[in-house]
Amino acid sequence: MSKEQIKSTETRRNIYAVGECLLDIIFKNSQPAAAVPGGSMLNSAVSLGKVGLSVHLISDLTHDRVADVIISFLEKNGVSIKFINRYNEGKTAISLAFLDKSGDADYSFYKIYPKKRLTGEFPVVTDKDIVLFGSFYSLTSELRRPL
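Residues numbered from 1 in each chain as written. Predicted model: local features only at pLDDT ≥ 70, side-chain atom pairs only at ≥ 80, totals over all residues. Heavy atoms only, no water.

Trainee: Before we go on, may I ask you to explain helix α2 (residues 40-50) in this structure?
Mentor: An α-helix turns once per 3.6 residues; consequently, residues spaced three or four apart project the same way. Those residues of α2 that sit buried are Met41, Leu42, Ala45, Val46 and Gly49. The buried residues of α2 occupy an angular sector of 140° when the element is viewed end-on, so they sit on one face. Lining the buried residues of α2 we find β1 (15-18), β3 (31-38), β4 (55-62), α3 (65-76), β5 (79-80) and β9 (130-133). Of the residues one or two after α2, Gly52 is the one with positive phi, at around 90°. (Buried < 20%, exposed > 50% of the residue type's maximum accessible area, 1.4 Å probe, protein only. Helix = DSSP H or I, 4+ residues; strand = E, 2+ residues; numbered from the N terminus. Arc of directions from axis to C-beta. Contact = heavy atoms within 4.5 Å.)

Here is the structure:
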(Lines give C-alpha, C1' and ligand atoms only; values in the text may rest on other atoms or scores of the structure.)
Protein backbone atom coordinates (compact mmCIF):
# COMPACT_ATOMS: atom_id res chain seq x y z
CA MET A 1 0.00 0.00 0.00
CA SER A 2 1.42 3.41 -0.94
CA LYS A 3 1.71 6.34 1.44
CA GLU A 4 -1.19 8.07 -0.37
CA GLN A 5 -3.42 4.98 -0.09
CA ILE A 6 -2.69 4.68 3.63
CA LYS A 7 -3.51 8.37 4.18
CA SER A 8 -6.79 8.17 2.27
CA THR A 9 -8.06 5.11 4.17
CA GLU A 10 -6.99 6.41 7.58
CA THR A 11 -7.86 10.12 7.42
CA ARG A 12 -10.02 10.15 10.55
CA ARG A 13 -8.14 7.57 12.58
CA ASN A 14 -5.64 8.56 15.26
CA ILE A 15 -3.02 6.19 16.52
CA TYR A 16 -1.88 6.53 20.12
CA ALA A 17 1.34 4.78 21.12
CA VAL A 18 1.75 4.53 24.90
CA GLY A 19 5.20 3.76 26.24
CA GLU A 20 8.65 4.76 27.37
CA CYS A 21 10.96 7.29 25.75
CA LEU A 22 14.69 7.11 26.34
CA LEU A 23 17.99 7.85 24.67
CA ASP A 24 19.99 4.81 23.56
CA ILE A 25 23.74 5.34 23.63
CA ILE A 26 25.22 2.61 21.46
CA PHE A 27 28.72 1.28 22.10
CA LYS A 28 30.81 -0.62 19.54
CA ASN A 29 34.18 -1.98 20.61
CA SER A 30 33.68 -0.28 24.01
CA GLN A 31 33.39 3.16 22.38
CA PRO A 32 30.27 5.29 22.01
CA ALA A 33 29.19 5.07 18.36
CA ALA A 34 25.75 6.73 18.32
CA ALA A 35 23.02 8.20 20.47
CA VAL A 36 19.46 7.68 19.21
CA PRO A 37 16.00 8.08 20.74
CA GLY A 38 14.44 4.74 21.58
CA GLY A 39 11.81 2.75 23.35
CA SER A 40 9.57 0.17 21.69
CA MET A 41 6.50 2.40 21.40
CA LEU A 42 8.59 5.40 20.35
CA ASN A 43 10.06 3.27 17.55
CA SER A 44 6.57 2.13 16.50
CA ALA A 45 5.25 5.71 16.53
CA VAL A 46 8.17 6.92 14.40
CA SER A 47 7.60 4.17 11.83
CA LEU A 48 3.94 5.16 11.57
CA GLY A 49 4.73 8.88 11.48
CA LYS A 50 7.18 8.37 8.63
CA VAL A 51 4.39 7.02 6.40
CA GLY A 52 2.20 9.99 7.20
CA LEU A 53 -0.29 8.51 9.66
CA SER A 54 -1.73 10.59 12.50
CA VAL A 55 0.24 9.20 15.42
CA HIS A 56 0.62 10.56 18.95
CA LEU A 57 3.05 9.33 21.58
CA ILE A 58 1.78 9.19 25.16
CA SER A 59 4.78 9.22 27.45
CA ASP A 60 6.72 11.30 29.94
CA LEU A 61 10.05 13.12 29.83
CA THR A 62 11.77 15.61 32.06
CA HIS A 63 12.80 19.12 31.06
CA ASP A 64 16.42 18.39 30.13
CA ARG A 65 18.65 18.33 27.03
CA VAL A 66 18.22 14.58 26.56
CA ALA A 67 14.45 15.01 26.35
CA ASP A 68 14.90 17.92 23.94
CA VAL A 69 16.81 15.58 21.58
CA ILE A 70 13.96 13.04 21.78
CA ILE A 71 11.25 15.68 21.25
CA SER A 72 13.06 17.07 18.20
CA PHE A 73 13.44 13.57 16.75
CA LEU A 74 9.74 12.82 17.20
CA GLU A 75 8.67 16.08 15.58
CA LYS A 76 11.02 15.53 12.60
CA ASN A 77 9.47 12.09 12.10
CA GLY A 78 5.81 13.15 12.11
CA VAL A 79 4.91 12.10 15.66
CA SER A 80 2.69 14.40 17.72
CA ILE A 81 4.14 15.25 21.13
CA LYS A 82 0.90 16.77 22.45
CA PHE A 83 0.48 13.98 25.03
CA ILE A 84 4.05 13.81 26.29
CA ASN A 85 4.06 14.89 29.92
CA ARG A 86 7.15 16.95 30.81
CA TYR A 87 8.17 16.99 34.47
CA ASN A 88 10.76 18.95 36.45
CA GLU A 89 12.05 16.27 38.82
CA GLY A 90 14.34 13.41 37.86
CA LYS A 91 16.14 12.82 34.56
CA THR A 92 15.12 11.49 31.17
CA ALA A 93 15.94 7.77 30.93
CA ILE A 94 19.12 6.65 29.19
CA SER A 95 20.13 3.18 28.09
CA LEU A 96 23.63 2.05 27.28
CA ALA A 97 23.64 -0.61 24.57
CA PHE A 98 26.90 -2.54 24.31
CA LEU A 99 27.03 -4.38 20.99
CA ASP A 100 28.85 -7.70 20.76
CA LYS A 101 30.61 -9.01 17.63
CA SER A 102 27.27 -10.30 16.30
CA GLY A 103 25.58 -6.91 16.78
CA ASP A 104 23.44 -8.11 19.70
CA ALA A 105 23.08 -5.61 22.54
CA ASP A 106 23.57 -5.96 26.27
CA TYR A 107 21.67 -3.09 27.93
CA SER A 108 22.19 -1.05 31.10
CA PHE A 109 19.38 1.36 32.00
CA TYR A 110 19.62 4.59 33.99
CA LYS A 111 16.29 5.97 35.16
CA ILE A 112 15.48 8.65 37.72
CA TYR A 113 11.74 9.31 37.66
CA PRO A 114 9.60 11.57 39.85
CA LYS A 115 7.12 9.98 42.25
CA LYS A 116 4.08 11.19 40.25
CA ARG A 117 4.12 10.46 36.55
CA LEU A 118 1.82 10.85 33.56
CA THR A 119 -0.02 13.77 35.11
CA GLY A 120 -0.61 15.59 31.81
CA GLU A 121 -3.45 15.62 29.32
CA PHE A 122 -4.79 12.37 27.85
CA PRO A 123 -6.60 12.07 24.52
CA VAL A 124 -10.24 11.18 24.10
CA VAL A 125 -10.02 7.86 22.27
CA THR A 126 -12.84 6.91 19.91
CA ASP A 127 -13.81 3.58 18.37
CA LYS A 128 -12.07 4.68 15.14
CA ASP A 129 -8.72 5.10 16.91
CA ILE A 130 -5.95 2.60 17.51
CA VAL A 131 -4.05 2.34 20.81
CA LEU A 132 -0.65 0.65 20.93
CA PHE A 133 0.44 -0.12 24.47
CA GLY A 134 3.75 -1.61 25.45
CA SER A 135 7.22 -1.41 26.90
CA PHE A 136 7.75 -1.45 30.63
CA TYR A 137 4.71 0.84 31.01
CA SER A 138 2.58 -2.30 30.91
CA LEU A 139 4.38 -3.63 34.00
CA THR A 140 4.95 -0.52 36.11
CA SER A 141 2.44 -0.31 38.96
CA GLU A 142 2.71 3.49 39.49
CA LEU A 143 1.64 4.04 35.87
CA ARG A 144 -1.48 1.88 36.03
CA ARG A 145 -3.72 4.44 37.70
CA PRO A 146 -3.14 7.31 35.25
CA LEU A 147 -3.30 4.96 32.27
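Trainee: Is there a simple way to think about the packing of aromatic side chains in this case?
Mentor: What characterises a pair of aromatic rings is the spacing of the ring centres plus the angle enclosed by the ring planes. With the rule as written, the count across this model stands at 3 aromatic pairs. Where Tyr16 meets Phe83, the ring centres are 6.1 Å apart and the plane angle is 70°; that geometry is what we call edge-to-face. In this pair, Tyr16 sits in strand β1 while Phe83 sits in the loop between β5 and β6 (84-87), placing the two residues 67 residues apart along the sequence. Assigned by exposure class, Tyr16 and Phe83 land together as buried. Aromatic pair Tyr107 and Phe109: ring centres 5.7 Å apart, planes at 15°, arrangement stacked. (Phe/Tyr/Trp six-rings, centres within 6.5 Å; stacked < 30°, edge-to-face > 60°.)

Trainee: Please explain the confidence of the model for the protein chain as it appears in this structure.
Mentor: With 91% of its residues at a pLDDT of 70 or more, the protein chain has an overall mean of 88. Ranking the elements of the protein chain by mean pLDDT puts helix α1 (residues 3-9) last with 53 and β5 first with 98. (pLDDT = per-residue confidence, 0-100.)

Trainee: Mind showing me how you'd approach the side chain of Thr62 here?
Mentor: Looking at the secondary structure, you find Thr62 in strand β4. Here Thr62 falls in the buried class, since its relative accessible area comes to 1%. In terms of polar contacts, Thr62 uses its side chain to reach the backbone carbonyl oxygen of Glu89, at 3.5 Å. Setting aside its immediate chain neighbours within four residues, Thr62 contacts Ala67, Arg86, Tyr87, Asn88, Glu89, Gly90, Lys91 and Thr92. (Polar contact = N/O pair within 3.5 Å; in protein donor to acceptor, adjacent residues only side chain to side chain.)

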